[in-house]
Amino acid sequence: MKHSKTTSRLTRLWAIILAAALIAIMSAGCGGSNLGDVYVLEVDEQPEVAPEPEPEPEESVEPEEEPEPEPEQLFNFEGYRGYEDGETPSIGDFFWFTEDVKWDGLPADRTAITDFDSISGYWKAYTETIPMFEGEGEYLKWFNAEINGDANKATLIYHTKNFFASDMETGRTDDLSGMDGESYSGSFSAGQLVAGDMGTKGMEIIISEFYSLNGNQYAVGEISYKSNEKEYIVLTRP
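Okay, so let's go over this structure.

The rules behind the values
Residues numbered from 1 in each chain as written. Predicted model: local features only at pLDDT ≥ 70, side-chain atom pairs only at ≥ 80, totals over all residues. Heavy atoms only, no water. Helix = DSSP H or I, 4+ residues; strand = E, 2+ residues; numbered from the N terminus. Buried < 20%, exposed > 50% of the residue type's maximum accessible area, 1.4 Å probe, protein only. Contact = heavy atoms within 4.5 Å. Areas by Shrake-Rupley, 256 points an atom, 1.4 Å probe, with all protein chains shown as cover. Pairing = 2+ DSSP bridges. Arc of directions from axis to C-beta. Phe/Tyr/Trp six-rings, centres within 6.5 Å; stacked < 30°, edge-to-face > 60°. Salt bridge = Lys/Arg side-chain N within 4 Å of Asp/Glu carboxyl O. Core = buried A, V, L, I, M, F, W, Y, C linked by side-chain atoms within 4.5 Å.

Another point: the overall build of the protein chain. Helix and strand counts for the protein chain stand at two helices and ten strands. Taken from N to C terminus, the helices and strands of the protein chain fall in the order α-α-β-β-β-β-β-β-β-β-β-β. Residues counted as buried form 29% of the 238 residues belonging to the protein chain. Across the protein chain, contacts joining residues at least 24 apart in sequence account for 56% of those joining residues at least 6 apart. Total accessible area on the protein chain stands at roughly 17200 Å², and carbon and sulfur atoms take up 52% of it.

Put into structure tokens, the structure is as follows:
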């Protein structure tokens, strides 16, 4: 009787062990137990960031070279042709005479011109009547002129492409451009130009002073007529 109880206990023990093993196997197959589970840590993938483009090298800009100033050139009056193409003179070209020299005389710091080559070429010219008595009206003319030839056979030419006349008494100014010009033969000596002929032309021109001042050239003289009338004559350039 004692042997039978022991056997029976052993049988129940093995049955329990077998049941427990069976349950473990079944639980493992069905995922009911956490034993043996493997957990994987998922890491969110970051979006790829495109690399920033490298800045393009800046083009080097060389500073512009400033042009060198041209050397100052003194005006060459010899054979000057500045008025040959008909540059129009104006009364304002002669204010140096009408406002200054006429009343105050020649400037003390002038440089006299005494050689013919330095006076040849084109000029702007102006004439003005010298009143014979107080109150007499003045008559003005301004035009282009030319001195050519040589010292022994000089010629003063009145060009009339641009020729104007003004009567100061009436205030009337006339454009006489295009009329026939005049030429007067003469000579140049000791800084003085004498042209015209009292016998054939009825007048004589004596330009007694040629001079330069502040880069310009000037000339001052008188015209005498057979009728005893007189005029100032002045030249300037450029």
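Before going further, it helps to examine the pairing of strand β9 (residues 216-225). Of the strand pairs in this sheet, strand β8 (residues 203-213) and β9 are connected by ten bridges, and their pairing is antiparallel. Each bridged residue has a counterpart across the sheet, and for serine 212 the counterpart in β9 is glutamine 217. In the sheet, β9 pairs with strand β10 (residues 230-237) via eight bridges, with the strands oriented antiparallel. By the bridge assignment for β10, glutamate 222 is matched with tyrosine 232. Between the end of β9 and the start of β10, which pair antiparallel, lie four residues, with asparagine 228 showing a positive phi angle near 80°.

Right, let's get into helix α2 (residues 95-104). For α2, the set of buried residues is Trp96, Phe97, Thr98 and Val101. Seen end-on, α2 carries its buried residues on one side only, within an arc spanning 160°. In α2, the exposed positions angled more than 90 degrees off the buried face are occupied by Glu99, Trp103 and Asp104. Those residues of α2 hidden inside the fold are in contact with β2 (121-130), β8, β9 and β10.

This part covers the packing of aromatic side chains. This model, assessed by the stated rule, comprises 13 aromatic pairs. With centroids separated by 6.1 Å and ring planes inclined at 70°, the aromatic side chains of tryptophan 96 and phenylalanine 97 adopt a geometry described as edge-to-face. Taking the relative accessible area as the measure of exposure, tryptophan 96 reaches 15% and is therefore buried. Three or more aromatic residues joined by ring pairs make a cluster, and in this case those are Phe94, Trp96, Phe97, Tyr126, Tyr211, Tyr218 and Tyr232.

Per the stated rule, a full pass over the model turns up seven salt bridges. One salt bridge in this structure joins lysine 102 and glutamate 138, with 3.6 Å as the shortest N-O distance. Residue lysine 102 is located in helix α2, and its partner glutamate 138 is located in the loop between β2 and β3 (139-149); the two are separated by 36 residues in the primary sequence. One connected set of salt bridges, linked through shared partners, spans Lys102, Glu128 and Glu138.

Among all residues save glycine, negative phi is the norm, and among peptide bonds the norm is trans. Note that the residue after arginine 237, namely proline 238, is joined by a cis bond; omega there is 0°. Position of proline 238 relative to the elements: it lies in the segment after β10. Positive phi, normally seen in glycine, also occurs at asparagine 214, with a value near 55°. By the element assignment, asparagine 214 lies in the loop between β8 and β9.

For soluble globular proteins, nonpolar side chains are generally found buried alongside one another. Of all hydrophobic cores here, the largest spans 24 residues; its most connected members are Ile147, Leu156, Ile205, Ile207 and Phe210. Mapped by element, the contributors of at least two residues to this core are β2, β3, β4 (154-167), β6 (182-189), β7 (192-197), β8, β9 and β10. Among all residues touching leucine 156, those that are not within four sequence positions of it are Ala145, Glu146, Ile147, Glu182, Ser183, Tyr184, Ala195, Ile205, Ile207 and Ile233. In terms of nonpolar packing, the next biggest core, distinct from the first, is built from 13 residues, Phe94, Tyr211, Tyr218 and Val234 among them.

What follows deals with the side chain of glutamate 231. Within the secondary structure layout, glutamate 231 lies in strand β10. Setting aside residues up to four positions removed in sequence, glutamate 231 forms contacts with Thr127, Glu128, Thr129, Ile130, Lys141, Gly221, Glu222, Ile223 and Tyr225.

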